[in-house]
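Working through the structure, step by step
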Amino acid sequence: MSGLLKIIIQRLFLGLITLLVVSVIIFTAVNLLPGDFAQAILGQGATEEAVAAIREQLGLDQHPVQRYFQWLAGALQGDLGTPMSQALFKSFAGTNTGESDVTVLSQIGPRFANTMFLAAVTAAIAVPLSIFLGILTALYRNSAFDRAMNVFTLSSISSPEFFLAYILILFLAVLNPIFPSLSNIFEGMAFGDRLEKTMLPALTLTLVVTAHMMRMTRAAIINLLASPYIEMARLKGLSPMRVIVKHALPNALAPIINVVALNLAYLITGVVIVEVVFVYPGIGQLFVDSVKIRDIPVVQACCLIFAAAYILLNLTADILSIISNPRLRHPK
């Protein structure tokens, strides 16, 4: 157990180093975005003195290295800063206003909860469905069912998310009004109503991620079917389904866990297009809106959350793969 604990600590340390490097890339890339927030707020008729005054009030006149370490120190303390629009409002209206407590974290919090709800609904549908289909296609490989599923999954994985979204809107919201086309959810909404309005974006993401997970499950199981212990199980007279579920699937868990974790990471970090299409009030929609107005603190915070979620889920997949496969604990 001490060896496993050592491996986990090493993975977590590498994850922190990776997140630190990614934070530098995020800060650099965001600050290289074209345009200027102060200029965008004041318009084309702004004078140089007014632009310089706003940049000074918002701290944009400081050296980028100094601003990066200030941002990093705040992020480590759970303070992701103040949206520039709010900072500008407070600089003119004073801090004794009702808007003085608006922070990036308070703005992102409800949006991130909505994105996590969408990801959870999608995962609840996609993960068991893809594993089940992967087992069936491995069991009936090279059959008409296997070929049909391969064609369907390859078609869905090759199509852009917005195209799949509009197809689902056409068939499930326009021609057959089963689900609403806009996901206008809000705080305090009943769970059933929230689930109904989330279903179309969840189905869109399901079509995208199911193909990856199903094909990896199929490939991992088929790769093990030629193993000697599988042949022995067959010679004992076990049914093909029992051979796959009881003998092949447990040994194929490591690659399946990896692909499931990667797709769960996509459900958090890759939802931007889907949220924009369905006007879903998640972190992806907030990210796009913040990029439009060049609200640097919000954009940086969204990118950092995306990166942290992706790294965390990859670390989780790595650790679970090691736990599920003892051979990975002793590579020699």
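Residues numbered from 1 in each chain as written. Predicted model: local features only at pLDDT ≥ 70, side-chain atom pairs only at ≥ 80, totals over all residues. Heavy atoms only, no water.

Re the packing of helix α6 (residues 104-139) against helix α9 (residues 191-224)
Close contact between α6 and α9 brings their axes to 5 Å; oriented N to C, the two are set at 35 degrees. Between α6 and α9 the crossing geometry is right-handed. The residue inventory of the contact of α6 with α9, partitioned by class, reads 21 nonpolar, 9 polar and 2 charged. (Axes fitted to C-alpha atoms, helices over the stretch in contact; angles between N-to-C directions. Helix = DSSP H or I, 4+ residues; strand = E, 2+ residues; numbered from the N terminus. Left-handed = near helix turned anticlockwise from the far one by under 90°. Nonpolar A, V, L, I, M, F, W, Y, C, P; charged D, E, K, R; others polar.)

Some points on the side chain of N263
With respect to the helices and strands, the residue N263 is situated in helix α12 (residues 253-269). N263 sits in the buried class, given a relative accessible area of 7%. Looking at N263, its side chain comes within polar contact range of the main-chain oxygen of V259, at 2.6 Å. (Buried < 20%, exposed > 50% of the residue type's maximum accessible area, 1.4 Å probe, protein only. Polar contact = N/O pair within 3.5 Å; in protein donor to acceptor, adjacent residues only side chain to side chain.)

Things to note about the environment of Q107
By the element assignment, Q107 lies in helix α6. The sequence separation of Q107 and L286 amounts to 179 residues, and the corresponding C-alpha distance is 9.0 Å. Beyond its immediate chain neighbours, meaning those up to four positions away, Q107 contacts P83, L286 and V298. (Contact = heavy atoms within 4.5 Å.)

Describing the pattern of salt bridges
Applying the stated rule across the entire model yields 2 salt bridges. A salt bridge links D318 to R11, with the nearest nitrogen and oxygen atoms 2.4 Å apart. Taken together, the residues D318 in helix α15 (residues 296-324) and R11 in helix α1 (residues 2-31) connect sequence positions 307 residues apart. A relative accessible area of 25% means that D318 is categorised as partly exposed. (Salt bridge = Lys/Arg side-chain N within 4 Å of Asp/Glu carboxyl O.)

What about the state of the cysteines?
Working definition of a disulfide: a covalent bond connecting the sulfur atoms of two cysteines. Counted under the stated rule, the structure contains 0 disulfides. The thiol of C302 is unpaired, and the distance to the nearest cysteine sulfur, on C303, comes to 6.9 Å. On the basis of relative accessibility, which here comes to 18%, the residue C303 falls in the buried class. (Disulfide = S-S within 2.5 Å.)

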